[in-house]
Amino acid sequence: MLRFILNKKPFFWLLLSIPALLMLQRFLSSDVLAMDMLHPTGEWSARLMIFAMLLSPLVAVLGPKPWLSWLVQRRRALGVAAFAYAVLHLIFYVIDMGNLDDILAEFWALGIWTGWAAMLLFVPLALTSNDASVRKLKAGWKQLQRLVYPAAVLVLVHWIFIHNNLVPALVHFVPLALLVAARFFLSPKPQPKGA
């Protein structure tokens, strides 16, 4: 019975939404300000993005495992959830800033425009994270999804410069960088013809 429930996609979506629901409940009950929601929503977005990106390198390094296959089948949901938390992050940012003049005044700060740029890259990724887009775009779908790599770099820069602290961002991003590098070095190299 437990396996049946765990394998249902609505249950997985419910799990992904629990932190957002708790944050929204706290905000709507006036326990916290919009400013207090910026860090947790941004961090959840980054964590889910990183987790989704970790799956392919983990499969390459560890080989096929049932638990990894289960997660890989839900990778698009993780990516869409990362986007949803980024949207929530943006909403709280707009509420906190309060007006367009203040938003525009700080737009060109490195920690700000990188966040906007990452969000811009996330939009086509989220909009095409469905079976219909995979069928329609064919090989182009995978090419489009590779935008997640520059988006991840932008998120890293955004995080570092918003918090003026390198360590928390690196704690999250270094495992991803190491696994991507390991995947590159451990992947079989094409053999020359006639070898």
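What this report covers is the structure whose coordinates are included nearby. (Residues numbered from 1 in each chain as written. Predicted model: local features only at pLDDT ≥ 70, side-chain atom pairs only at ≥ 80, totals over all residues. Heavy atoms only, no water.)

Examining the nonpolar core
Generally speaking, a soluble globular protein has its nonpolar side chains buried in company with each other.
Phase 1: Grouped together as the largest cluster of nonpolar side chains are 49 residues, with contacts concentrated most on L16, L48, M49, L78, F122, V155 and F173.
Phase 2: Every element with two or more residues in this core is listed here: helix 2 (9-28), helix 3 (34-62), helix 4 (66-72), helix 5 (75-97), helix 7 (110-127), helix 10 (148-163) and helix 11 (166-186).
Phase 3: The biggest single contributor to this core is helix 3, with 12 residues. (Core = buried A, V, L, I, M, F, W, Y, C linked by side-chain atoms within 4.5 Å. Buried < 20%, exposed > 50% of the residue type's maximum accessible area, 1.4 Å probe, protein only. Helix = DSSP H or I, 4+ residues; strand = E, 2+ residues; numbered from the N terminus.)

As for a nonpolar patch on the surface
Phase 1: Where nonpolar side chains cluster on the molecular surface, the patch consists of L14, L15, I18, L21 and L22 and spans about 460 Å² of accessible area.
Phase 2: Residue placement: L15 occurs in helix 2.
Phase 3: The class for L15 is partly exposed, based on a relative accessible area of 41%. (Patch = residues over 30% accessible without salt bridge, like charges linked within 9 Å, V, L, I, M, F, W, Y side chains within 5 Å. Areas by Shrake-Rupley, 256 points an atom, 1.4 Å probe, with all protein chains shown as cover. Salt bridge = Lys/Arg side-chain N within 4 Å of Asp/Glu carboxyl O.)

Overview of helix 7
Phase 1: In this model, helix 7 (18 residues) spans 27 Å end to end at C-alpha, consistent with the 26 Å of a helix rising 1.5 Å per residue.
Phase 2: Restricting attention to buried positions, one finds in helix 7 the residues G111, I112, T114, G115, A118, M119, L121, F122, L125 and A126. (Expected span 1.5 Å × (residues − 1).)

Regarding the packing of helix 2 against helix 5
For any two helices packed against each other, one specifies the crossing angle of their axes together with the interaxial distance.
Phase 1: Between helix 2 and helix 5, whose axes approach to 10 Å, the crossing angle comes to 10°. For the element pair helix 2 / helix 5, the angle class is roughly parallel. Of the residues in helix 5, those in contact with F12, W13, L16, S17, I18, P19, A20, M23, L24 and F27 of helix 2 are A77, L78, V80, A81, Y85, L88, F92 and I95.
Phase 2: Among the residues forming the contact of helix 2 with helix 5, the class breakdown is 17 nonpolar, 1 polar and no charged. (Axes fitted to C-alpha atoms, helices over the stretch in contact; angles between N-to-C directions. Parallel < 35°, antiparallel > 145°, perpendicular 65-115°, else oblique. Contact = heavy atoms within 4.5 Å. Nonpolar A, V, L, I, M, F, W, Y, C, P; charged D, E, K, R; others polar.)

Side note on the packing of aromatic side chains
Aromatic ring pairs: the centre-centre distance and the angle between the two ring planes describe each pair.
Phase 1: All chains considered together, the criterion is met by 7 aromatic pairs.
Phase 2: Their ring planes at 90° and their centres at 5.6 Å tell us that F12 and W70 sit as a pair that is edge-to-face. Placement of F12 in helix 2 and of W70 in helix 4 is noted, with a sequence separation of 58 residues between them.
Phase 3: Exposure remark for W70: the relative accessible area of 24% places this residue in the partly exposed category.
Phase 4: With a centroid separation of 4.8 Å and 90° between ring planes, the pair formed by F107 and W108 is classed as edge-to-face.
Phase 5: On the basis of relative accessible area, W108 is assigned to the exposed category, the value being 69%.
Phase 6: Through a chain of ring-to-ring contacts, three or more aromatic side chains come together here, namely Y93, F107, W108 and W116. (Phe/Tyr/Trp six-rings, centres within 6.5 Å; stacked < 30°, edge-to-face > 60°.)

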